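Structure at a glance
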Amino acid sequence: MKSEPKTTQLSSWLKTENDTDFTIYNIPFGIAELPDHSIVAVSRIGDKVINLYALQRDGYFDSFNHDLDGLFNSPNLNAFIGIGKKITSGVRSRITQLFEENTDEVSDKEAFSRKYLISAESVKMQLPVKVTDYTDFYSSIEHAGNVGSMFRDPQNPLLPNWRHLPVGYHGRASSIVISGTPIHRPKGQILPAGQDTPVFSATRMFDFELELAFVVGQNTELGSSVPVDKAEDYIFGFLLFNDLSARDIQSWEYVPLGPFLSKNFGSVVSPWIVTLEALEPYRTKGPVQEPEVLDYLKTDGLHNFDINLEVYIKPQESEPSLVAATNFKYMYWNISQQLAHHTVNGCNINIGDLYASGTISGPTPGSYGSLLELTWRGKNKLKVGDTERAFIEDYDTIIMRGYASKEGARVGFGECETTILPAK
Ligand code: CA
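Residues numbered from 1 in each chain as written. Predicted model: local features only at pLDDT ≥ 70, side-chain atom pairs only at ≥ 80, totals over all residues. Heavy atoms only, no water.

1. Regarding the overall build of the protein chain
Applied cut-off: Here a strand is any run of E in DSSP of at least two residues, a helix any run of H or I of at least four, and the numbering for each starts at the N terminus. Radius of gyration: C-alpha atoms only; globule rule: 2.2 Å multiplied by the number of residues to the exponent 0.38. Burial here depends on accessible area, computed with a 1.4 Å probe over protein chains only, as a share of the maximum for the residue type. Under 20% is buried, over 50% is exposed, and the range in between is partly exposed. In this description, contact between two residues means that some pair of their heavy atoms is separated by no more than 4.5 Å. Each accessible area value is a Shrake-Rupley result obtained with a 1.4 Å probe; residue values ignore everything except the protein chains displayed when judging cover.
Tallying secondary structure elements over the protein chain gives nine helices and 26 strands in all. For a compact globule of 424 residues, the expected C-alpha radius of gyration is about 22 Å, and the protein chain comes in at 22 Å, within 12% of that figure. Its C-alpha atoms give the protein chain principal-axis dimensions of about 75 × 55 × 40 Å. Looking at the protein chain as a whole, 55% of its 424 residues qualify as buried. Long-range pairs, those at least 24 residues apart, make up 73% of the contacts in the protein chain with a sequence separation of at least 6. In the structure as shown, the protein chain presents an accessible area of about 18700 Å², 49% of it carried by carbon and sulfur atoms.

Okay, structure coming up:
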């Protein structure tokens, strides 16, 4: 078994707030529209965005002996991610090096900052990748157990397949939007309680789902499979993912093929891709899987990640209220098993695919990752500031945050935020 991963102590000449998600340990990747309306690849430290296109143009990445032209002034990171981890993680290390306290390359820090740093407030973050395909898993045993108890049988909440394979469904890429994009309350068919014919209505049970999604970093060919022990080579990094859900539309439509219009009207991602490399120190062991899984799903070592996750609801004109706090480490199925299972039949994957974890719920009621569970299908209203909620109301803003922290080194995701507007 692998030993506990460690962090190497780093410090930067660029001073940041103590609780920033964007320490020198992080160095995530994103796409920003700058004040001059150019769109470039960026990284971030503290409240400053680093213009990677400008660094590349001025020769700071020349040591890679690889043509990086066009990769940092593209509207998405797909081509950059596609050059492979050897170079992308090299670029990340190179950025770390330039911002390290003891760098001897940046003699005039003020001039360097003027040239390559921009205030994060003055840029408009974009979707970091062109999302080629999107799959949503259902990998939290606590979430699947809670949902199974509510909708089926509390004595037997998990279906017979659940502990044998990471259950998932194909979602929709076209409606994945960047944090800050508002979403209209969806309309659809709903079966009112006690009736046997549906009505057409805006959803009355609007919900969030707290998830993390990984971004695929390598293509495969149709017919080939990603082995479970190589799966992480195909994963570039993670984003926060809010899988917005209309529970009443969902419960009427989902049998037998799973969710459809209850989920595909909008999902929201955070702007920064936090790389797998940045999350290395926060690896941890997953739960024991019982019964033992089939050989193609067997993993050993540390494949879960200790990432604290929070959800806030901000009603219009009041402060945000924390409604859920949980951790990614509780996931029953890990990312290697998800990708191995997804491709075991020969399904090909592409750079820019997103694979979301499924709602991340923990073992205690305050750690459930959806209102469905937090209010037990609307039964127990939740206190949100001076008011209460069964489900999301119009003009509520949903804010998700995530960070890992260990030995003084913090790596976080920033925010994934959306405001819900009335039905159109
Ligand atoms: Ca989901």
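Having seen it, we continue.
2. Here's the deal with the sheet that holds strand β9 (residues 183–184)
Two modes of strand pairing occur in sheets, parallel and antiparallel, and in both the strands are linked by backbone hydrogen bonds. The test is simple: Two strands pair if DSSP finds at least two bridges between them.
On the basis of which strands lie adjacent, the open sheet formed by five strands has the order β9-β26-β25-β20-β21 and mixed pairing. Only two strands of the sheet have a single partner each, and these edge strands are β9 and β21 (321–327).

3. Observations regarding the sheet that holds strand β4 (residues 117–119)
Quick reminder of the rule: Comment: axis = line fitted to C-alpha atoms, over the contacting stretch for helices; angle = value between 0 and 180 degrees taken between N-to-C directions.
In spatial order, the strands read β4-β3-β2-β1-β5; together these five strands make up an open sheet with antiparallel pairing. Edge strands, defined here as strands with exactly one partner in the open sheet, are β4 and β5 (124–126). Ignoring strand direction, the axes of neighbouring strands in this sheet form an average angle of 50 degrees. Where strand β1 (residues 30–33) meets β5, three bridges bridge the pair, whose relative direction is antiparallel.

4. What to know about the packing of aromatic side chains
Worth spelling out the cut-off: Centre distance within 6.5 Å is the pairing criterion for rings of Phe, Tyr and Trp, where only the six-membered ring of Trp is used; planes under 30 degrees apart are then read as stacked, over 60 as edge-to-face, and the remainder as tilted. A positively charged side chain is recorded as over a ring if its NZ (Lys) or CZ (Arg) lies within 6 Å of the ring centre. The angle to the ring normal must also be within 35 degrees.
Evaluation of the coordinates by the stated rule reveals 20 aromatic pairs. Above the ring of Tyr53, the side-chain terminus of Arg57 is found at 5.2 Å from the ring centroid. The ring of Tyr403 carries Arg410 above its face, with NZ or CZ at 3.9 Å from the centroid.

5. Observations regarding the environment of Arg389
Where we set the bar: A 3.5 Å cut-off defines polar contacts: any pair of N or O atoms within that distance qualifies, except that in protein one atom must be a possible hydrogen donor and the other a possible acceptor, and neighbouring residues in sequence count only when both atoms are side-chain atoms.
Looking at the secondary structure, you find Arg389 in strand β24 (residues 387–389). Take Arg389: its relative accessible area is 6%, and that puts it in the buried class. Once the C-alpha coordinates of Arg389 and Glu373 are considered, the two residues, 16 residues apart in sequence, prove to be 13 Å apart. Those residues within four positions of Arg389 in sequence are excluded, and the remaining contacts are Pro315, Thr375, Lys381, Leu382, Val384 and Asp396. There is a polar contact of 2.7 Å between the side chain of Arg389 and the side chain of Asp396.

6. Here's the deal with the layout of surface pockets
Rolling a probe over the atoms, with the probe sized like a water molecule, indicates the empty space that remains. Going by this rule: Buriedness of a pocket was judged along seven lines, with at least five required to meet protein on both sides within 12 Å; pockets are open sets of points on a 1 Å grid over the protein atoms alone, cavities are sets where a 1.4 Å probe fits but cannot get out, and lining residues have an atom within 4 Å of a point. Grid points are joined across faces, edges and corners, and a volume is the space filled by probe spheres set on the points.
In this structure, the largest pocket spans a volume of roughly 650 Å³. Forming the boundary of the largest pocket are 32 residues, of which Tyr138, Val167, Tyr254, Gly258 and Pro259 lie nearest the centre. Going through the elements one at a time, β6 (134–137), α5 (141–151), β7 (168–170) and α6 (247–253) are the ones with two or more residues in the lining of the largest pocket. In terms of residue count, the dominant contributor to the lining of the largest pocket is α5 (four residues).

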